[in-house]
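Structure at a glance
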Amino acid sequence: MILSKFQDEKTRNEAFNLLLKKYQQKIYWHIRRMVIDHDDADDLVQDVFVKVWKNLAGFRSDAQLYTWMYRIATNECITFLNKKKQRNNVSLDDVAYELADTLADSAYFSGDAIQKKLQEALLTLPEKQKLVFNMKYYDDMKYEEISQVLGTSVGALKASFHLAVKKIESYLLSKD
Amino acid sequence: MTSEMENRDWINDYAALKKVNPNNPFKVPADYFESLGERIMLFKNLPELKQDGSTGGFIVPENYFNNLQQNIQSRINIEEALNTAETGFTIPEGYFDTLTDNIQSRINIEDALNTAETGFAVPEGYFDTLASNIQSRINIEETLNTEETGFAVPEGYFDTLADNIQSRINIEEALNTEETGFAVPEGYFDTLADNIQSRINIEEALNTQETGFAVPDGYFDTLADNIQSRIFVEAALAEQEEAFAVPDGYFEALHKNITDKTTGTKTEKVNVNKGIVRRLVASTAFKYATAACFAVAIGGGILINQLSGPTDAHENTFLHKQLSNVPVDDIKAYLQLNVDAGDTQQTVNSESVKVDDKSLKDALQSDLDSVQ
């Protein structure tokens, strides 16, 4: 329905408004869990939806619309984190430490100590493992949907998820 | 396993993770998602506005962005230079790298210039302009030596030129030497030209024949005396005018009296008391005797007048009385000025008429008027 309205130029803005209302929070939280900082997430979510606006006319309906937008958001997050690493000339681990500090000082984190520890554990994971875990743990997405988002086979995703969970469990157990 | 992984049963295998609250630990500012859609709608229009070339109502100077990078770099350089705490001054790049060599070269140059062996000195900046001066001299020499100079000199001019110059020098030296044997007043030559010109003007003025006026010979020799005589004569005539007098109010009553007489009207008679009239002579004989006495008296008077000379008569005239007060020399000077020699005598003798006092006075007055 949204796509059909979007094809008509007269109802294109209306279709885009519907799209925003339906997916803006899912996309935001997907980004926020990756970049931790709210302001960074805010910038990225706007960029994601601008790209959606630009490319929605060429979207092929053989895929899920929301998995397509997740893919865009995932790519934006990875690009952002890589730029941040290059800009600060630090390794990805250093970026993880920086994000951990941000998490500690953030006014927009209301989790308890265990939740905070989980986030710190997630920051130690590689990007793809973190993405798989987040989409599985928080968004309860199926492997097929995650595969469409990340462009990775389901088997690889399962392996990544297994590794991610083991690392997190180990992190939670090893550190107080 | 696969089915377990598609639901949340997998978490049971991880006791530590299972203890974690699965809810979202993050939060957003209040009403964030209420305004997120609107902000995204605005944000998505920005690229369209950029593509349209719209600047949102703002404009920049022409070629601003072409020079922006250079301007920023210049500004950065300036800021860096200003923020340099050490000196506050800037030096050319690589200045200190060549400073030692430059100082040594300068020392060598100074030593070479100040060396005592040369014994010669040149004006400041001489060598700076030497090359151009030599080139200019070469150009002038080449120009002078070319056959097509465009000027010509008399034949043999250059053969005698040296001698002429030497002669001229000798003359100038001779003229300028202080031992001339003559002396002139100080500043004489300074005013000589003006004096000569003034003298020429005076000579030309004196020699010009076209003055338009002439005076008799010796005119200016007697001019002063003549003027003095004229002054005395004028004074005498003025006294003559004052010698006649009329009663007070005479001319005021004269017109009225003439009018009364011509028109026959009588003026207002004054009340005059007539006195007693007494007749002194009443007889006719006394009247004839009185007439005879008058006739004898008149005749005797005429006889006496005929017998007495013109000199006596002249001495009794008014003019004689007035002129007797004037010095004789003044009268002579006056007559020489105004009357030709023998003129008066000629006039008096040739007319063969009697000249009375009134005629003579009128003649003198007329003569004076004509002179004035």
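Presented here is a report on the structure given in the accompanying data block. (Residues numbered from 1 in each chain as written. Chains lettered and ligands numbered in written order. Predicted model: local features only at pLDDT ≥ 70, side-chain atom pairs only at ≥ 80, totals over all residues. Heavy atoms only, no water.)

The subject of this paragraph is the overall build of chain B. Along the backbone of chain B there are 16 helices and zero strands. Across the 372 residues in chain B, those meeting the buried criterion constitute 9%. Of all intrachain contacts in chain B linking residues separated by at least 6 positions in sequence, the fraction that spans at least 24 positions is 70%. Only carbon and sulfur atoms are counted for the fraction: they give 56% of the accessible area of chain B, which is about 32,400 Å². (Helix = DSSP H or I, 4+ residues; strand = E, 2+ residues; numbered from the N terminus. Buried < 20%, exposed > 50% of the residue type's maximum accessible area, 1.4 Å probe, protein only. Contact = heavy atoms within 4.5 Å. Areas by Shrake-Rupley, 256 points an atom, 1.4 Å probe, with all protein chains shown as cover.)

This next bit is on the overall build of chain A. Across its full length, chain A holds nine helices and zero strands. Mapped from its N terminus to its C terminus, chain A presents α and β elements in the order α-α-α-α-α-α-α-α-α. The 176 residues of chain A split such that 51% are buried. Taking all contacts inside chain A whose residues are at least 6 apart in sequence as the whole, residues at least 24 apart take part in 58%.

For an interface, size is often stated in terms of accessible area lost upon the parts coming together. Opposite the 31 residues of chain B that make contact, chain A presents 46 residues. Around 3,800 Å² of area is buried between chain B and chain A when both sides are counted, 65% of it from carbon and sulfur atoms. In this structure, the connection of chain B to chain A is made through one salt bridge. Put simply, Arg39 of chain B and Asp42 of chain A hold a salt bridge, and the shortest N to O gap is 3.2 Å. Applying the counting criterion to the chain B and chain A interface returns 13 residue pairs in polar contact (both at pLDDT 80 or more). If you list the elements that add at least two residues to the side of chain B that touches chain A, you get helix H1 (2–6), helix H2 (15–18) and helix H3 (32–51) of chain B. Considering every element that reaches the side of chain B that touches chain A, the biggest residue donor is H3 of chain B, with eleven residues. (Buried area = accessible area lost by both parts, 1.4 Å probe. Salt bridge = Lys/Arg side-chain N within 4 Å of Asp/Glu carboxyl O. Polar contact = N/O pair within 3.5 Å; in protein donor to acceptor, adjacent residues only side chain to side chain.)

Here the focus is helix H7 (residues 157–176) of chain B. An α-helix turns once every 3.6 residues. As a result, residues three or four positions apart point the same way. With 20 residues, H7 of chain B extends 27 Å from end C-alpha to end C-alpha; this agrees with the ideal 28 Å at 1.5 Å per step. Along H7 of chain B, the sharpest kink reaches roughly 25°, centred on Asp163 of chain B. (Expected span 1.5 Å × (residues − 1). Bend = angle between axes of the 7 residues up to and from the residue.)

Below, the discussion takes up unusual backbone geometry. All names here are of chain A. A positive phi angle, close to 70°, is found at Ile36, a residue other than glycine. Of note, Ile36 is situated in the loop between helix H2 (12–35) and helix H3 (38–55). Of note, Asp140 is a non-glycine position whose phi angle comes to about 55°, a positive value.

This next bit is on the environment of Leu65 of chain A. Residues and elements named next belong to chain A. Its place among the elements puts Leu65 in helix H4 (residues 65–88). Owing to a relative accessible area of 11%, Leu65 belongs among the buried residues under this scheme. Taking the C-alpha atoms as reference points, Leu65 and Leu3, separated by 62 residues in sequence, lie 8.9 Å from one another.

Residue and element names in this part refer to chain A. Across the interface, H2 lies against H3 with an axial gap of 9 Å and an inter-helix angle of 140°. The hand of the H2/H3 crossing is right-handed. Contacts between H2 and H3 involve Arg12, Asn13, Phe16, Leu19, Leu20, Tyr23, Gln24, Ile27, Tyr28, Ile31, Arg32 and Val35 on the former and, on the latter, His38, Asp40, Ala41, Asp42, Leu44, Val45, Val48, Phe49, Val52 and Trp53. (Axes fitted to C-alpha atoms, helices over the stretch in contact; angles between N-to-C directions. Left-handed = near helix turned anticlockwise from the far one by under 90°.)

Glancing now at the side chain of Asp330 of chain B. Inspection of the secondary structure assignment puts Asp330 of chain B in helix H14 (residues 328–338). Dropping the residues within four chain positions of it, Asp330 of chain B is found in contact with Ser229 and Phe232 of chain B.

Moving on to a nonpolar patch on the surface. Taken together, the side chains of Phe294, Ile298 and Ile302 of chain B define a hydrophobic patch exposed on the protein surface, amounting to about 340 Å² of accessible area. Take Ile298 of chain B: it is sitting in helix H11 (residues 284–307). (Patch = residues over 30% accessible without salt bridge, like charges linked within 9 Å, V, L, I, M, F, W, Y side chains within 5 Å.)

Taken as a whole, helix H6 (residues 113–123) of chain A has its buried residues at Gln115, Lys117, Leu118, Gln119, Ala121, Leu122 and Leu123 of chain A. Its side-chain oxygen placed 3.3 Å from the backbone nitrogen of Ile114 of chain A, Asp112 of chain A serves as the N-cap of H6 of chain A.

Two quantities define a packed helix pair, namely the angle between the helix axes and the distance between the axes. Residues and elements named next belong to chain A. Close contact between helix H8 (residues 143–150) and helix H9 (residues 154–174) brings their axes to 9 Å; oriented N to C, the two are set at 100°. With respect to each other, H8 and H9 are oriented roughly perpendicular. Contacts between H8 and H9 pair Tyr143, Glu144, Ile146, Ser147 and Leu150 from the former with Val154, Leu157, Lys158 and Phe161 from the latter. Residue composition of the contact of H8 with H9, grouped by class: six nonpolar, one polar and two charged. (Parallel < 35°, antiparallel > 145°, perpendicular 65-115°, else oblique. Nonpolar A, V, L, I, M, F, W, Y, C, P; charged D, E, K, R; others polar.)

Just distances and angles here, no functional claims.
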